[in-house]
Amino acid sequence: MARCPNCKVRTQPVDYEATRLHMCGQCGGYWVDPLALKRILHCREQQWPEPVKQKFMEMAEQSDTKRKIMCLRCGVIMHKEQFKDWQEIVIDRCGQCQAIWLDPGELEKIQIYWEYAQDHPDQEYLDQVAKKATLDLEWQKRKTYLDDTIRSAKRVKYAMFFGPRATTAALLGFFSRLSKL
Ligand SMILES: [Zn+2]
Ligand SMILES: [Zn+2]
């Protein structure tokens, strides 16, 4: 199996929240494939107390995000990328086998961020949704107005069959509608 890019020792298979990962027994880093990471994030099994969360965050803080890491399966330098556009989380991904290397504490940090994002949905996104709802309402109002105006114009056309008095009444209705524009 794969080796740890930090310690060069063989990583061991472990079950993490019912998902199989490969952990380095020396540094505590993980090899994880994208699908397994997704599964861990969605199951939200871990409930850490605040001090434990803090410890993982500090641990992840210490990892050197500039250092180049080689995928020891494929023998290529891995790409650095931000996880979910979160500047604070830089992960290493192999362009060939897609495996992700997570330094000690990074997996837990990703989980902590993920759960926070789930519990506090992005305000900017909510604002966009609210804006769209307002526009939709505005559009609906205008559409109703136009439909009513067209109906009113049709009424004038039919009123013409019933003589001048009916036509005048229908025309007045039509113009009073237009004046509200
Ligand atoms: Zn290691
Ligand atoms: Zn690879």
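How each quantity is defined
Residues numbered from 1 in each chain as written. Chains lettered and ligands numbered in written order. Predicted model: local features only at pLDDT ≥ 70, side-chain atom pairs only at ≥ 80, totals over all residues. Domains from an automatic or database assignment. Helix = DSSP H or I, 4+ residues; strand = E, 2+ residues; numbered from the N terminus. Buried ≥ 20, exposed ≤ 12 C-beta atoms within 10 Å, placed from the backbone. Contact = placed C-beta atoms within 7 Å. Pairing = 2+ DSSP bridges. Axes fitted to C-alpha atoms, helices over the stretch in contact; angles between N-to-C directions. Core = buried A, V, L, I, M, F, W, Y, C linked by C-beta atoms within 7 Å.

A. Inspection of the domain arrangement of the protein chain at higher detail. Taken domain by domain, the protein chain holds domain 1 (12-119) and domain 2 (124-179). One C-alpha centre belongs to domain 1, the other to domain 2, and the line joining them spans 58 Å.

B. Layout of the environment of Trp 31. If you trace the backbone, Trp 31 turns up in strand β3 (residues 30-32). Residue Trp 31 is classed as buried on the basis of its 25 C-beta neighbours within 10 Å. Along the backbone, Trp 31 and Lys 109 are 78 residues apart, and their C-alpha atoms lie at a distance of 15 Å. Setting aside chain neighbours within four positions, we find Trp 31 in contact with Ala 2, Thr 11, Leu 21, His 22, Ala 99 and Trp 101.

C. View of the sheet that holds strand β8 (residues 100-102). Reading across the sheet, the six strands line up as β1-β2-β3-β8-β7-β6 and stay open at both edges, with antiparallel pairing between neighbours. Looking at which strands have only one partner, the edges of the open sheet turn out to be β1 (12-16) and β6 (79-83). Pairwise comparison of adjacent strand axes, ignoring direction, gives a mean angle of 40 degrees for this sheet. Relative to strand β7 (residues 86-93), β6 runs antiparallel, the two sharing five bridges. The residue bridging Gln 82 from the neighbouring strand is Val 90, located in β7. Docked against the sheet, helix α3 (residues 106-119) engages β3, β6, β7 and β8, running at close to 135 degrees with respect to β7.

D. A look at the environment of Tyr 145. Along the chain, Tyr 145 falls in helix α4 (residues 123-159). Judged by C-beta crowding, with 13 C-beta atoms within 10 Å, Tyr 145 ranks as partly exposed. The sequence separation of Tyr 145 and Ile 69 amounts to 76 residues, and the corresponding C-alpha distance is 63 Å.

E. View of the pairing of β1. Judged by how many residues are buried, β1 sits mostly at the surface: zero of five residues are covered. Here five bridges tie β1 to strand β2 (residues 19-23), and the two strands are oriented antiparallel to one another. Bridge pairing links Asp 15 to Arg 20 in β2. Connecting the antiparallel pair β1 and β2 is a turn made up of two residues, with Glu 17 showing a positive phi of about 45 degrees.

F. Representation of the nonpolar core within the structure. The biggest cluster of nonpolar side chains holds 20 residues, and the ones touching the most others in it are Tyr 30, Trp 31, Val 32, Ala 99, Ile 100, Trp 101 and Leu 102. Mapped by element, the contributors of at least two residues to this core are β2, β3, α1 (34-43), β8 and α3.

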